[in-house]
Amino acid sequence: MNTQPHPLPLRVGVLGFGGLGQAAAKLLSSKQEMILVAAADQKGYAYSREGLNTQSCITTYQNQGTVGYLEQVGTLSNNSIQDLITTSQPVDGYFLALPNLPNDFIPSVAKQFIQAGWRGVLVDAIKRTSAVEQLLAMKDELQAAGITYMTGCGATPGLLTAAAALAAQSYAEIHKVEITFGVGIANWEAYRATVREDIGHIPGYTVETARAMTDPEVEALLDKTNGVLTLANMEHADDVMLEIAGICSRDRVTVGGVVDTRNPQKPLSTNVKITGRTFEGKISTHTFTLGDETSMAANVCGPAFGYLKAGQELHNRGISGLFTAAEIMPKFVK
Ligand code: NAD
């Protein structure tokens with residue numbers, strides 16, 4: 001067991017280089033404690049021990065469709081994640097900014113890491129309860145493999161679930177956790193997977209029907225709603241995460257929100273309300289509201305790397321397995 005703390009900066013890889021992957025790369029470029037050494041998308045990957053140039057990665061991806069075209073550091077591949085893992089280049093931790101389409105895709109990527117004998121920290125911003133449950137079932141396997149896996153570490157689940165876990169401390173009993181999110185993005189193409197996965201929550205749609213929709217079909221649906229998706233009673237893993245953290249049963253947690261795909265301004269302020277009874281018998285509600293100026297990317301990628309740092313500290317102490325955002329405090333990345 002390696003108990004030697006790894007010296008900073010941590011060598012980080014980002015899997016998936018769409019909306020969140022690119023935002024993650026931008027965020028990392030201002031950090032001293034983490035350095036982006038690897039990036040992968042559906043058609044290729046790039047690796048540089050000295051660190052990838054964020055702007056070149058983004059420009060190459062946007063103009064040519066994959067970071068695999070990057071000179072010297074890029075490799076074209078239709079099996080980029082597997083190929084990147086098996087290059088055995090040192091990476092301390094990966095942020096999985098991948099679509100979870102189908103609903104077992106991210107768990108299947110976790111299996112690839114296990115099978116490759118890779119050791120380190122993995123972080124996801126996965127959303128569905130049923131997806132987190134698949135990872136929960138892999139807890140022992142992850143532990144035996146020496147992987148410290150942090151799941152549900154975006155905004156919701158993630159930041160807001162952690163806020164609920166913290167707020168719960170004032171109460172003897174938690175009655176209700178109500179998450180309401182507002183997302184504003186200028187165009188849906190910047191976050192195709194996020195929008196498709198949200199469509200999967202609309203009555204009459206499933207993950208599979210949303211996944212199978214062509215881009216023109218998504219556009220036609222958005223045209224009907226003026227670009228706005230209104231979501232209620234979503235299958236969101238905040239519920240199972242708060243349940244396994246021992247805070248409240250999952251039926252007391254609700255998640256809904258409004259996504260405007262044609263306006264970067266939030267249609268409403270993202271918030272979580274935690275209602276409970278104090279030990280003196282008073283019923284009260286704590287509310288945690290995110291600043292309207294903070295983007296979805298800021299509220300997902302910030303926590304994801306905060307949890308990656310926390311995961312690395314666990315890993316350095318020889319602790320592996322599966323952890324959720326409701327169980328561990330994220331660490332601030334400088
Ligand atoms: P996107 O569609 O913009 O980009 C997806 C990227 O993944 C692309 O670069 C694509 O090439 C790559 N990719 C797809 N299949 C791949 C494969 N087999 N191998 C390698 N790369 C592959 O996605 P996005 O909108 O940035 O969303 C990413 C994920 O983040 C989604 O699952 C979404 O649900 C999640 N998300 C979570 C939260 C949260 O708060 N928890 C919020 C927003 C988004």
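Located above this text is the structure these notes cover.
Quantities reported herein were computed from a predicted structural model and do not represent experimental measurements. Residue indices follow the written sequence of each chain, beginning from 1 at its first position. A pLDDT threshold of at least 70 governs which residues receive local features in this predicted model, and a stricter bar of 80 or more applies before side-chain atom pairs are shown or counted, although totals over entire chains, interfaces and linings include all residues. In computing side-chain values, all of the structure's heavy atoms are included and hydrogens and water are not.

Draft legend 1. Molecular detail of unusual backbone geometry. Here the amide bond leading from Leu101 into Pro102 is cis, since omega sits at -5°, within 30 degrees of zero. A cis amide bond, omega -5°, links Thr156 with the succeeding residue Pro157. Relative to the assigned elements, Pro157 resides in the loop between β7 (147-151) and α7 (159-167). Even without being a glycine, Gln72 presents a positive backbone phi close to 70°. Secondary structure is summarised from DSSP: a helix means a run of H or I of at least four residues, a strand means a run of E of at least two, and numbering begins at the N terminus for each. By the secondary structure assignment, Gln72 is in the loop between α2 (54-64) and β4 (74-76). The phi torsion at Ser88 lies on the positive side, around 60°, for a residue other than glycine.

Draft legend 2. How the structure looks around the sheet that holds strand β10 (residues 253-260). At least two DSSP bridges between two strands are needed for those strands to be called paired. The strand order across the open sheet formed by five strands is β9-β10-β8-β11-β12, and the pairing between neighbours is mixed. Looking at strand neighbours, the two that pair on one side only are β9 (228-231) and β12 (283-289), the edges of this open sheet. Neighbour-to-neighbour, the strand axes of the sheet open up by a mean angle of 10°, direction not taken into account. Pairing geometry for strand β8 (residues 173-184) and strand β11 (residues 271-277), over seven bridges, is antiparallel. Within the sheet, the bridge partner assigned to Thr180 lies in β11 and is Asn271. Axis lines are fitted to C-alpha atoms, over the contacting stretch for helices. Their N-to-C directions set the angle, which ranges from 0 to 180 degrees.

Draft legend 3. Fine view of α7. Throughout this description, buried means an accessible area under 20% of the type-specific maximum (1.4 Å probe, protein chains only), exposed means over 50%, and partly exposed covers the range between. Here α7 lies mainly inside the structure; seven of its nine residues are buried. Among the residues of α7, Leu160, Thr161, Ala162, Ala163, Ala164, Ala165 and Ala167 are the ones counted as buried. Whether two residues are in contact is decided by their heavy atoms, any of which lying within 4.5 Å being enough. Where α7 is buried, its residues meet β8, α11 (238-244), β11, β12 and α12 (296-316).

Draft legend 4. Here's a closer look at the sheet that holds strand β13 (residues 321-324). On the basis of which strands lie adjacent, the open sheet formed by eight strands has the order β4-β3-β2-β1-β5-β6-β7-β13 and mixed pairing. Taken across any chain shown, the strands that pair with only one partner, and hence form the sheet edges, are β4 and β13. Taken over all neighbouring pairs, the strand axes of this sheet differ in orientation by 20° on average, direction set aside. Those strands touched by helix α5 (residues 129-136) are β6 (120-124), β7 and β13, and its axis lies near 165° from that of β7.

Draft legend 5. Layout of the nonpolar core. In terms of nonpolar packing, the biggest core is built from 109 residues, with Leu15, Tyr94, Phe113, Tyr149, Val177 and Phe305 touching the most fellow members. Per-element tally for this core: the top contributor is α12, with 10 residues. Those residues within four positions of Val177 in sequence are excluded, and the remaining contacts are Ala164, Leu242, Cys248, Arg252, Val253, Thr254, Val272, Lys273 and Ile274. In this text, buried Ala, Val, Leu, Ile, Met, Phe, Trp, Tyr and Cys residues form a nonpolar core when linked through side-chain atoms within 4.5 Å.

Draft legend 6. Main features of the site of the ligand. Throughout this document, a residue counts as near a molecule or strand when at least one of its heavy atoms sits within 4 Å of that molecule or strand. Close contacts around the ligand come from 29 residues, with Gly19, Leu20, Tyr61, Thr194 and Glu197 the closest. Counting of polar contacts relies on pairs of N or O atoms within 3.5 Å, with two restrictions inside protein: one atom must be capable of donating a hydrogen and the other of accepting it, and residues adjacent in sequence are counted only when both atoms are side-chain atoms. Here Ala155 contributes a backbone N or O atom positioned 2.9 Å from an oxygen atom of the ligand. One nitrogen or oxygen atom from the main chain of Thr156 is found 3.0 Å from an oxygen atom belonging to the ligand. Computed with a 1.4 Å probe, the accessible areas rest on the Shrake-Rupley method; for each residue, only the protein chains presented here act as cover. Within the complex, 90% of the 880 Å² of free accessible area of the ligand lies under protein. Those elements that provide at least two residues to the shell around the ligand are α1 (19-28), α3 (80-86), α8 (192-199) and α12. Examining the composition of the shell around the ligand, we find that four residues originate from one element, α8, more than from any other.

Draft legend 7. Broad picture of the packing of aromatic side chains. Within 6.5 Å between ring centres, the rings of Phe, Tyr and Trp (the latter by its six-membered ring) count as paired, and their orientation is classed by plane angle as stacked under 30 degrees, edge-to-face over 60, tilted in between. Scanning the entire structure with this criterion turns up five aromatic pairs. Seen in terms of ring centroids, Tyr94 and Trp118 are 5.5 Å apart; in terms of plane orientation they differ by 55°. Their pairing is tilted. One end of the pair, Tyr94, is in strand β5 (residues 93-96); the other, Trp118, is in the loop between α4 (105-115) and β6, with 24 residues separating them in the sequence. For Tyr94, a relative accessible area of 1% gives the class buried. On the basis of relative accessible area, Trp118 is assigned to the buried category, the value being 10%. Taken together, a centroid distance of 5.7 Å and an interplanar angle of 70° make the contact between Phe95 and Phe305 edge-to-face. In this pair, Phe95 sits in strand β5 while Phe305 sits in helix α12, placing the two residues 210 residues apart along the sequence.

Draft legend 8. Highlighting the pattern of salt bridges. Any carboxyl oxygen of Asp or Glu within 4 Å of a side-chain nitrogen of Lys or Arg constitutes a salt bridge here. Taken as a whole, this structure holds 15 salt bridges when the rule is applied. We note a salt bridge from Glu235 to Arg128, for which the minimum N-O separation is 3.0 Å. Of this pair, Glu235 sits in the loop between β9 and α11 while Arg128 sits in the loop between β6 and α5, placing them 107 residues apart in sequence. Arg252 is the partner of Glu173 in a salt bridge, and the nearest nitrogen-oxygen pair spans 3.5 Å.

Interpretation note: all reported values are geometric properties and have no functional meaning in isolation.
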